[in-house]
Amino acid sequence: MSGRRTQTLPERYFAEIYASDPDPWRFTSSAYEAEKYAATLRALPRARYAHALEVGCSIGVFTRALSPRCGALTALDIAEAALAAARARCADRSGIRFVRGAVPEDWPEGRFDLIVFGEVLYFLSPPDLARLVARVEASLVPGGDCVLVHWLGETDYPLSGDAAAEGFIAAAPFAHRLPGARTDAYRLDVLRRADPR
């Protein structure tokens, strides 16, 4: 697509989006989002995870759906307005920690057995995507799962959905692919970190 951005989208981009619409991607009302969230939960290889990380939690719709599968869940987003809505939406759920930050610079401490990137990676430039993979490698426990979900429509983001997913997978030789899913609208990739020999 001509006119694609070349740099990672900055914090102000997301702040302006949420300032104009508290649910800019229709997470609470879109049939696409509801189906994608259900497919993501079905694709998780394990019934339960000790400590999960959701990168790009936005207003917390998927965070709330994921939380019963996790002993602890860290939910990260770049936009404070989105995090405020996510905290309110998940106020009755225990074990969720919300963190504000912009990946790959900001990364929560800890080790995770599940890391979910829901429509996030294509906001990054290729160099920042490579740096993010290094963050995942350092914090995903052996045998842990990493899930990538990306919309496949046209955007002006730095990467397309396919380029973001394939770029991540190519830069992550420490993980192998498990069964995922692909529809006309999105792709869902599931990776597992190899156990040490």
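Residues numbered from 1 in each chain as written. Predicted model: local features only at pLDDT ≥ 70, side-chain atom pairs only at ≥ 80, totals over all residues. Heavy atoms only, no water.

*Asks:* Looking at this structure, how should I read the sheet that holds strand β5 (residues 140-151)?
*Replies:* Backbone hydrogen bonds are what pair the strands of a sheet, in a parallel or an antiparallel way. Read across the sheet, 7 strands follow the order β3-β2-β1-β4-β5-β7-β6 without closing on themselves; strand pairing throughout is mixed. Each of the sheet's edge strands pairs with one partner strand only, and the pair in question is β3 (96-100) and β6 (175-182). On average, each strand axis in the sheet is inclined to that of its neighbour by 15°, with strand direction left out of account. Bridge count between strand β1 (residues 49-55) and strand β4 (residues 112-118): 4 bridges; the pairing is parallel. Paired with Glu-54 across the strands is Val-116, a residue of β4. The sheet contacts of helix α2 (residues 31-43) involve β5 and β7 (186-193), and relative to β7 the element is tilted by about 20°. Most of the contacts of helix α4 (residues 80-89) go to β3, to which it runs at about 170°, and overall it touches β2 (70-77) and β3. (Pairing = 2+ DSSP bridges. Helix = DSSP H or I, 4+ residues; strand = E, 2+ residues; numbered from the N terminus. Axes fitted to C-alpha atoms, helices over the stretch in contact; angles between N-to-C directions. Contact = heavy atoms within 4.5 Å.)

*Asks:* Would you take a moment to explain the packing of helix α5 (residues 126-139) against helix α6 (residues 161-170) for this structure?
*Replies:* In a pair of packed helices, the angle between the axes and the distance between the axes together describe the arrangement. Where α5 contacts α6, the two axes come as close as 9 Å, and the packing angle between them is 50°. Put simply, α5 runs oblique to α6. Taken as a pair, α5 and α6 cross one another with a handedness that is right-handed. Along the contact surface, α5 presents Leu-129, Val-133 and Val-136, while α6 presents Ala-164, Gly-167 and Phe-168. For the contact of α5 with α6, the class distribution of residues is 5 nonpolar, 1 polar and no charged. (Parallel < 35°, antiparallel > 145°, perpendicular 65-115°, else oblique. Left-handed = near helix turned anticlockwise from the far one by under 90°. Nonpolar A, V, L, I, M, F, W, Y, C, P; charged D, E, K, R; others polar.)

*Asks:* Help me understand unusual backbone geometry, please; the structure alone is not making it clear to me.
*Replies:* Across residues other than glycine, the phi torsion is negative in most instances, and most of the peptide bonds are trans. The amide bond that connects Val-103 to the next residue, Pro-104, takes the cis arrangement and shows omega of 5°. By the element assignment, Pro-104 lies in the loop between β3 and β4. Unlike most non-glycine residues, Arg-26 shows phi in positive territory, near 60°. By the secondary structure assignment, Arg-26 is in the loop between α1 (11-20) and α2. The backbone of Glu-119 shows a phi angle near 55°, a positive value even though the residue is not glycine. Here Glu-119 lies in the loop between β4 and α5. The buried category is assigned to Glu-119, whose relative accessible area is 15%. (Buried < 20%, exposed > 50% of the residue type's maximum accessible area, 1.4 Å probe, protein only.)

*Asks:* Can you walk me through the pairing of β5 in this structure?
*Replies:* Consecutive side chains of a regular strand alternate in pointing toward one face of the sheet and then the other. Burial within β5 is extensive, with 9 of its 12 residues counted as buried. Handedness of the crossover joining β4 and β5 through α5: right-handed. Pairing geometry for β5 and β7, over 7 bridges, is antiparallel. Its bridge partner being in β7, Val-147 is matched across the sheet by Val-190. (Right-handed = clockwise from strand over helix to strand, strands pointing away.)

*Asks:* Sorry, what's going on with the side chain of Arg-69 here?
*Replies:* Structurally, Arg-69 can be placed in the loop between α3 (61-66) and β2. For the buried residue Arg-69, which engages in no salt bridge, the nearest side chain bearing the opposite charge is Asp-145, 8.2 Å off. There is a polar contact of 3.2 Å between the side chain of Arg-69 and the backbone oxygen of Leu-41. Beyond its immediate chain neighbours, meaning those up to four positions away, Arg-69 contacts Leu-41, Leu-44, Arg-46, Ala-47, Arg-48 and Tyr-49. (Lys, Arg positive; Asp, Glu negative; His and termini not counted. Salt bridge = Lys/Arg side-chain N within 4 Å of Asp/Glu carboxyl O. Polar contact = N/O pair within 3.5 Å; in protein donor to acceptor, adjacent residues only side chain to side chain.)

By themselves, these observations are geometric and do not establish any function.
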